[in-house]
Amino acid sequence: MAPLETPLPRSRGMSVASVFERYGLIVFLLALLLVAAALSPTFLQPANLVNVLTIAAPLGMVVVGQTFVILVRGLDLSVASLMATVAVLATAFKATTNDAIPLIFVAAIAFSAVVGLVNGWLVAKRNVSPFLATLAMMIILQGVRFAYTGGAPISTLPPGMGFLASGRILGIPVNLITLALLAIVFGVVLHRSRLGREIFMVGSNPKAAFLNGVAPDRVIIFCYVICSVCAGIGGLFLLGYVGTVSNWVGQGYELDSIVAAVMGGVALTGGRGNIFAALVGVAVLVVINNLVLLLGFPIEMQLIIKGIIIIGAAAFYRTRLA
Amino acid sequence: MSAVVAEFRRNRLSLSYVIVVALLILLVVAGGFLSDRFLTWRNFGNLFQQLVVLGMVSLGQTFVVLLGGIDLAVGSLVSASTVFIAHFLEWRPDLLWLALPLALIAATAIGALNGLLTIVLRVHPLIVTLGMSSIIFGGTLMYNKEPGGSVPRGLADFSYAKLWGIPVTAIVLVAVFALAGLWLQRSRSGRSIYFVGGDREAARLNGLPVNRIVVMAYALSGLCAGLAAIFLTARTGVGDPRIGAALTLQSITPVVVGGTILAGGRGGVLGTLLGVLLVTMLNNLLNFLNVSSYYQWVIQGLIIIIAVSIHTTRRRQ
């Protein structure tokens, strides 16, 4: 049984603690920005900020999906592997004109949805722990991908894919606009819809949700599908950025997305979190990485700082033992 | 016969073992038919040498998983330990007697720190060990990015030494597993790991020193990672900051295949040993059959899903 003090699902109205949680992170981000600005005059220039955000956008897309899964007490380790597999899938059309882009998107989203369906089915219907189900999916996708490519990178891509990744409309990166749309759509689903309330209910207390007429299995599977679809889209946007498709596109995103979500206050124990706060978590993570480089530290320092921050952030939000 | 079945039902653990043993026998028989090099003394010697490192890390992982936790820092810890051992021995090859215990103590201390942090900060072990893994890996890379160091002849010989045709390292591994199994089953402190893993609150109310047991399990995982690093350094002769990276996730497969459930409280080291055997033998056979490592990944993923599905389905009945 969940302890009595488990907070009720809240889509509106916040307690004092939650205000502190939410704005604490923003204050931290602002402090980081100030430090960065003080240390490097180039940091706060629009060009650099836009660059940082362009790099952050695909990760943000993954985090939007990861938030859904963590809210129902899960996590998805297969997102990075899926990103790379979708990238390979995109090259499989061997398309050289932009006509193929819609087809690539449809195929990528359909493929991702199937992957999410399998993940969700394993977790909800087969009682496989999310960690193991998505770990297995990660390894399987990796094997399928390498078997298809033979381990070699490919680069047959429609030229328009590059525009998606690093192009701009009115000076704003296309992938940032896409991230904003994705976050708004899924943010409304999560924080303003009936389905969203059901997700919070299942996450905080599956039994109570069931007694209230919610089918936890269906909700959980839905969350995994959303997560995979977001990762698939993120993969396509990252792909164009890199240009050639290596078999490791998105490597590390599975852990970074979990780190960002946790920093953004999404509780690994489920039922607590906010998509937009999770995106602030992404911003913090990306700014820290950028800051390490600006300060002239060796890049390995990022790993150490990231490690300290992930533990510290989790301690801050008191993610209790499940 | 029905009495036997009933006995197995009561003790679900042994049924897990039966399934894995049946799969192992199937694999050996199939391997004998499919490849004339598989069922040879020489191949099995190699096989046992290969599985020592994975076996040791998986053993450590078993303690933590039994407790209901997980240790994602083992890979980085193995890498860091190999770097420490190889560089220390390059500096003073004569201080082998000091280098190895130092490495083990350091690895155990880092493991204990993992456990301590989960308690003090009340943070999920997944997050704590992930963060620690990142810190350890970063620290190791800052010290040295490339494989380096060297080991004295004696340590290298140890890795290839044989006793009655059996690799000494494999004998050590089996001995450590036997010791661990006895400790878990027979001793008070060992059994308390199951108790804490099964229901932490109940264990606390029964007066068990829960916090100390948690720290102990993580410390043991660190110790096992340190031991694995010794085997690994002896075999490769260098300290490589990336050599253990894949071990973290690899170490979980044998544990769950062997019937230890991630929720904690049930399973055992015998299952893990069988799981290590199964995974290593399967990869070995697939290599002989010229199946690409890509498909081996697919198969490994399927094994995890199938094994866990079987174990959890039986649990629900």
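Everything numeric in this text was worked out from a predicted model, so none of it was measured.

(A) Molecular detail of the overall build of chain A. Broken down by element type, chain A carries 13 helices and two strands. Each principal axis of the C-alpha distribution contributes one length, and for chain A these read about 55 × 50 × 35 Å. Per-residue burial over chain A gives 56% buried out of 322 residues. When the accessible area of chain A is evaluated, it comes to approximately 13,300 Å², of which 70% is carbon and sulfur surface. Counting 18 positive and 9 negative side-chain charges, chain A places the averaged centre of each group 8 Å from the other.

(B) A look at the overall build of chain B. The helix and strand inventory of chain B stands at 15 helices and two strands. The C-alpha radius of gyration computed for chain B amounts to 20 Å, which stays within 12% of the reference 20 Å derived for 317 residues, consistent with globular compactness. Overall, the C-alpha framework of chain B stretches about 65 × 55 × 35 Å when taken along its three principal axes. Considering chain B as a whole, with its 317 residues, one finds that 55% of them fall into the buried category. For chain B, long-range pairs separated by at least 24 residues make up 78% of all intrachain contacts whose partners lie at least 6 apart in sequence.

(C) Expanded view of the nonpolar core. One finds Phe131(A), Leu132(A) and Leu236(A) to be the most contacted residues of the largest nonpolar core, which totals 204 residues. Ranked by residue count, the leading element in this core is helix α10 (residues 216–242) of chain A, at 16 residues. Once residues lying within four places of it in the same chain are set aside, the contact partners of Leu132(A) are Ile252(B), Val256(B), Leu262(B), Ile304(B) and Val308(B).

(D) Just the environment of Gly45(B), in detail. Residues and elements named next belong to chain B. For Gly45, the location among the structural elements is in helix α3 (residues 41–66). You can call Gly45 buried: its relative accessible area is 6%. A C-alpha to C-alpha distance of 30 Å links Gly45 and Leu102, two positions 57 residues apart in sequence.

(E) Local environment of the interface of chain B and chain A. Taken residue by residue, the interface counts 41 residues in chain B and 41 residues in chain A. Note on chain B versus chain A: buried area summed over both sides is about 3,700 Å², and carbon and sulfur give 77% of it. The tally of links from chain B across to chain A stands at one salt bridge. We note a salt bridge from Lys145(B) to Glu300(A), for which the minimum N-O separation is 3.4 Å. Inspection of the chain B/chain A interface yields three residue pairs in polar contact (both at pLDDT 80 or more). Listed by contribution, the elements that provide at least two residues to the side of chain B that touches chain A are α6 (125–143), α13 (252–257) and α15 (293–316) of chain B. A per-class count over the side of chain B that touches chain A returns 27 nonpolar, ten polar and four charged.

(F) Expanded view of the side chain of Thr134(A). Residue and element names in this part refer to chain A. Along the polypeptide, Thr134 turns up in helix α5 (residues 130–149). Note on Thr134: relative accessible area 0%, which makes it buried. Once residues lying within four places of it in the same chain are set aside, the contact partners of Thr134 are Leu75, Asp76, Leu77, Ser78, Asn119 and Tyr224.

(G) Inspection of helix α9 (residues 188–198) of chain B at higher detail. Of all the positions in α9(B), only Gly190(B), Ser192(B), Ile193(B), Tyr194(B), Val196(B) and Gly197(B) are classed as buried. Those residues of α9(B) that are buried are in contact with α3, α8 (168–186), α10 (200–205) and α11 (210–236) of chain B.

(H) Structural context of a nonpolar patch on the surface. Residue and element names in this part refer to chain A. Together, Phe163, Ile169, Leu170, Ile172, Ile177 and Leu181 make up a nonpolar patch on the protein surface, roughly 610 Å² of accessible area in all. In this structure, Leu170 sits in the loop between β1 (168–169) and β2 (172–173). By relative accessible area, which is 85% here, Leu170 ends up exposed.

What counts, and at which threshold
- Residues numbered from 1 in each chain as written.
- Chains lettered and ligands numbered in written order.
- Predicted model: local features only at pLDDT ≥ 70, side-chain atom pairs only at ≥ 80, totals over all residues.
- Heavy atoms only, no water.
- Helix = DSSP H or I, 4+ residues; strand = E, 2+ residues; numbered from the N terminus.
- Buried < 20%, exposed > 50% of the residue type's maximum accessible area, 1.4 Å probe, protein only.
- Areas by Shrake-Rupley, 256 points an atom, 1.4 Å probe, with all protein chains shown as cover.
- Lys, Arg positive; Asp, Glu negative; His and termini not counted.
- Charge placed at Lys NZ, Arg CZ, Asp CG, Glu CD.
- Rg over C-alpha atoms; globule rule 2.2 N^0.38 Å.
- Contact = heavy atoms within 4.5 Å.
- Core = buried A, V, L, I, M, F, W, Y, C linked by side-chain atoms within 4.5 Å.
- Buried area = accessible area lost by both parts, 1.4 Å probe.
- Salt bridge = Lys/Arg side-chain N within 4 Å of Asp/Glu carboxyl O.
- Polar contact = N/O pair within 3.5 Å; in protein donor to acceptor, adjacent residues only side chain to side chain.
- Nonpolar A, V, L, I, M, F, W, Y, C, P; charged D, E, K, R; others polar.
- Patch = residues over 30% accessible without salt bridge, like charges linked within 9 Å, V, L, I, M, F, W, Y side chains within 5 Å.

These results come straight from atomic positions and should not be treated as a statement about function.
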